[in-house]
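# Structural description and commentary
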Amino acid sequence: MVVERTEELIIQQLMEGNEKAYRMLYEKHYAVLCHIANQYVKDDFLAETIVNDVIFHLWEIRSNLQITTSLRSYLVKSIRNRCLDYLKSQLSQKEKVTGEVGISQLPFVQYISHDDYPLGKLLEKELEEQIMNAINRLPNECRKVFWLSRFEGKKNEEIASELGISINTVKYHIKHALALLRSNLQKYLVILFFTFIQN
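Here the structure is a predicted model, which means the values were calculated and not measured.

How each quantity is defined
Residues numbered from 1 in each chain as written. Predicted model: local features only at pLDDT ≥ 70, side-chain atom pairs only at ≥ 80, totals over all residues. Heavy atoms only, no water. Phe/Tyr/Trp six-rings, centres within 6.5 Å; stacked < 30°, edge-to-face > 60°. Helix = DSSP H or I, 4+ residues; strand = E, 2+ residues; numbered from the N terminus. Buried < 20%, exposed > 50% of the residue type's maximum accessible area, 1.4 Å probe, protein only. Lys NZ or Arg CZ within 6 Å of the ring centre and 35° of its normal. Polar contact = N/O pair within 3.5 Å; in protein donor to acceptor, adjacent residues only side chain to side chain. Core = buried A, V, L, I, M, F, W, Y, C linked by side-chain atoms within 4.5 Å. Contact = heavy atoms within 4.5 Å. Axes fitted to C-alpha atoms, helices over the stretch in contact; angles between N-to-C directions. Parallel < 35°, antiparallel > 145°, perpendicular 65-115°, else oblique. Left-handed = near helix turned anticlockwise from the far one by under 90°. Nonpolar A, V, L, I, M, F, W, Y, C, P; charged D, E, K, R; others polar.

### Comments concerning the packing of aromatic side chains
- Within this structure, the stated rule accounts for four aromatic pairs.
- Here the aromatic rings of Trp 147 and Phe 151 are separated by 3.9 Å at their centres, their planes lie at 65°, and the arrangement is edge-to-face. With Trp 147 and Phe 151 both in helix α7 (residues 140-151), this residue pair falls four residues apart, about one helical turn.
- Relative accessible area serves as the criterion here: at 33%, Trp 147 is assigned to the partly exposed category.
- Through a chain of ring-to-ring contacts, the aromatic side chains of Phe 146, Trp 147 and Phe 151 assemble into a single cluster.
- Lying across the ring of Trp 59, Arg 62 places its NZ or CZ 4.0 Å from the centre.

In structure tokens form, the structure reads like this:
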């Protein structure tokens, strides 16, 4: 069939490190894969980070790539396994009680800091700087709410009381902050990935 021959060609191009094939992969599969990952980890940016990492790993092992199913099925299985590995590691971490707060407490930062995730380890220091820059560019009250929520671990009710705003306003600021961070950092990750494979 024509569809099967086309997919075989695309997989061959992925194995050869063809940049156009990887761009096609992003365009055709990225949104669906992010949605699937988010069903597991319940964090939009973490889901996108996992998908980026899986695609990077695909490039990293390209010369030994073996896909016996459809490309979509292969990617979905890889995403599911990576998400489950992350969730298992989180369960182990929760058993350790620490008083540390800061950028390292963000779910996607904890993910990229793990030794098993190649893109994360490659980008860890540079991405941490980009995350802090993105957070610092948030509107003032939005940044305060996000910091209290994600870094100090306070509940929405506590934040609302401390800042003298409604719980709905707190929810809005958190949602807005995550949307801005996703927009800024997602573009950065994709651009950096394609810059990397060109070198």
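This is not the end of the story, as more comes after the structure.
### A closer look at the side chain of Asn 52
- Of note, Asn 52 is situated in helix α3 (residues 44-60).
- Residue Asn 52 is classed as buried on the basis of its relative accessible area, which comes to 1%.
- Here the side chain of Asn 52 touches Tyr 30 through a polar contact of 3.3 Å, side chain to side chain.

### Some words on the nonpolar core
- If you look at the biggest cluster of nonpolar residues, it comprises 29 residues, and the most contacted ones within it are Leu 14, Val 51 and Ile 79.
- Counting residues per element, the ones that place at least two in this core are α1 (2-15), α2 (19-41), α3 and α4 (71-94).
- In this structure, Ile 79 is in contact with Leu 33, Ile 36, Ala 37, Ile 50, Val 51 and Val 54, ignoring residues within four places of it in sequence.
- Core analysis: the next-biggest nonpolar cluster, separate from the first, contains eleven residues, Cys 142, Phe 146, Phe 151 and Ala 177 among them.

### Focus on the environment of Asn 81
- Take Asn 81: it is sitting in helix α4.
- Linking Asn 81 and Ala 37, residues 44 residues apart in sequence, is a C-alpha distance of 9.8 Å.

### Regarding unusual backbone geometry
- A positive phi angle, close to 55°, is found at Lys 42, a residue other than glycine.
- Inspection of the secondary structure assignment puts Lys 42 in the loop between α2 and α3.

### Quick look at the packing of α2 against α3
- Running from N to C, α2 and α3 point in directions that differ by 135°, and their axes come no closer than 8 Å. Judged by the inter-axis angle, α2 sits oblique to α3. The handedness of the crossing between α2 and α3 comes out as right-handed. Note on element contacts: α3 touches α2 through Asp 44, Leu 46, Ala 47, Glu 48, Ile 50, Val 51, Asn 52, Ile 55, Leu 58 and Trp 59, opposite Tyr 22, Leu 25, Tyr 26, Tyr 30, Leu 33, Cys 34, Ala 37, Asn 38 and Val 41.
- Residues belonging to the contact of α2 with α3 are distributed by class as follows: 15 nonpolar, two polar and two charged.

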